[in-house]
Amino acid sequence: AQKLAEQALRESETRFRDLAGLSSDWYWEQDQNFRFVDMGDRPTGASSLRSAGFLGRTRWEAHADCLAPEQWAAHRRQLEAHEVFRDLEYQRPSQDGQMRWVRVSGRPMFDANGRFRGYRGIGKDITAQQRAEEALILRDRALEASVNAIMITDVSGKDNTIVYVNPAFE
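Residues numbered from 1 in each chain as written. Predicted model: local features only at pLDDT ≥ 70, side-chain atom pairs only at ≥ 80, totals over all residues. Heavy atoms only, no water.

### Structural notes on the packing of aromatic side chains
Per the counting criterion, the structure on display carries nine aromatic pairs. Between Trp28 and Phe36 the ring centres are 5.9 Å apart and the planes differ by 80 degrees, which places this aromatic pair in the edge-to-face class. Across the pair, exposure class does not vary: Trp28 and Phe36 are buried alike. Chaining the aromatic ring pairs together yields one cluster made of Trp28, Phe34, Phe36, Trp60, Phe85, Phe110, Phe116 and Tyr119. A cation sits over an aromatic face here: Arg59 above Trp28, 4.6 Å from the ring centre. (Phe/Tyr/Trp six-rings, centres within 6.5 Å; stacked < 30°, edge-to-face > 60°. Buried < 20%, exposed > 50% of the residue type's maximum accessible area, 1.4 Å probe, protein only. Lys NZ or Arg CZ within 6 Å of the ring centre and 35° of its normal.)

### What about the nonpolar core?
Ranked by size, the top nonpolar core spans 19 residues in total, and within it Trp28, Phe85, Tyr90 and Tyr119 carry the most contacts. Mapped by element, the contributors of at least two residues to this core are strand E1 (26-30), strand E2 (36-39), helix H2 (59-62), helix H3 (69-80), strand E3 (85-93), strand E4 (99-110) and strand E5 (116-125). With three residues, E3 is the single largest residue contributor to this core. Setting aside residues no more than four positions away along its own chain, Phe85 makes contact with Trp28, Arg59, His75, Gln78, Leu79, Val104, Ser105, Gly106 and Tyr119. (Core = buried A, V, L, I, M, F, W, Y, C linked by side-chain atoms within 4.5 Å. Helix = DSSP H or I, 4+ residues; strand = E, 2+ residues; numbered from the N terminus. Contact = heavy atoms within 4.5 Å.)

### Some points on the environment of Thr58
Along the chain, Thr58 falls in the loop between E2 and H2. With 27 residues separating them in the primary sequence, Thr58 and Asp31 have C-alpha atoms 9.5 Å apart.

### Here's the deal with the pairing of E4
As paired elements, E3 and E4 share seven bridges and run antiparallel to each other. Counterpart to Gln91 in the pairing with E4 is Trp101. What sits between the antiparallel neighbours E3 and E4 is a turn of five residues, in which Gly97 has the positive phi angle 85 degrees. Pairing between E4 and E5: nine bridges, direction antiparallel. Looking across to E5, one finds that Ser105 is bridged to Ile122. Hairpin geometry of E4 and E5 is characterised by an intervening segment of five residues between the two adjacent antiparallel strands and by a positive phi of about 85 degrees at Gly114. (Pairing = 2+ DSSP bridges.)

What follows is the structure, given as structure tokens:
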């Protein structure tokens, strides 16, 4: 029975690690004072983000200038209320000195007596997504500002429905 329980535990841990690896680039844990005590140092892809400089510090100490003071205050209120938070986005420097966009989510941890122990969460490098969104916004502004008439049609349909015209076309 003990061997079966140990096997089930190993399988559960493997499943957890596989799913966590698919859903994020790294994991992190904070203590009851919101200081990082663990940060998975295994970002995926080409990201150069690492945990250097995080352990023993809060997120706002490590990256004070990455969000406006009122944004940090709102995030801290959430943490102090021991609420789950999702999709906090901000920029942080990578090891190569470049700024990278990250998205983090976290869940509070409690012991068997219901005492708050800290937070556990995941992080994802979303720099490529942010850059793509910025490029789309720039292109949209260029289309809107163009003095040339621009019309875009939907070529996937048989009637080539007009889906966009810029002010110069109008």
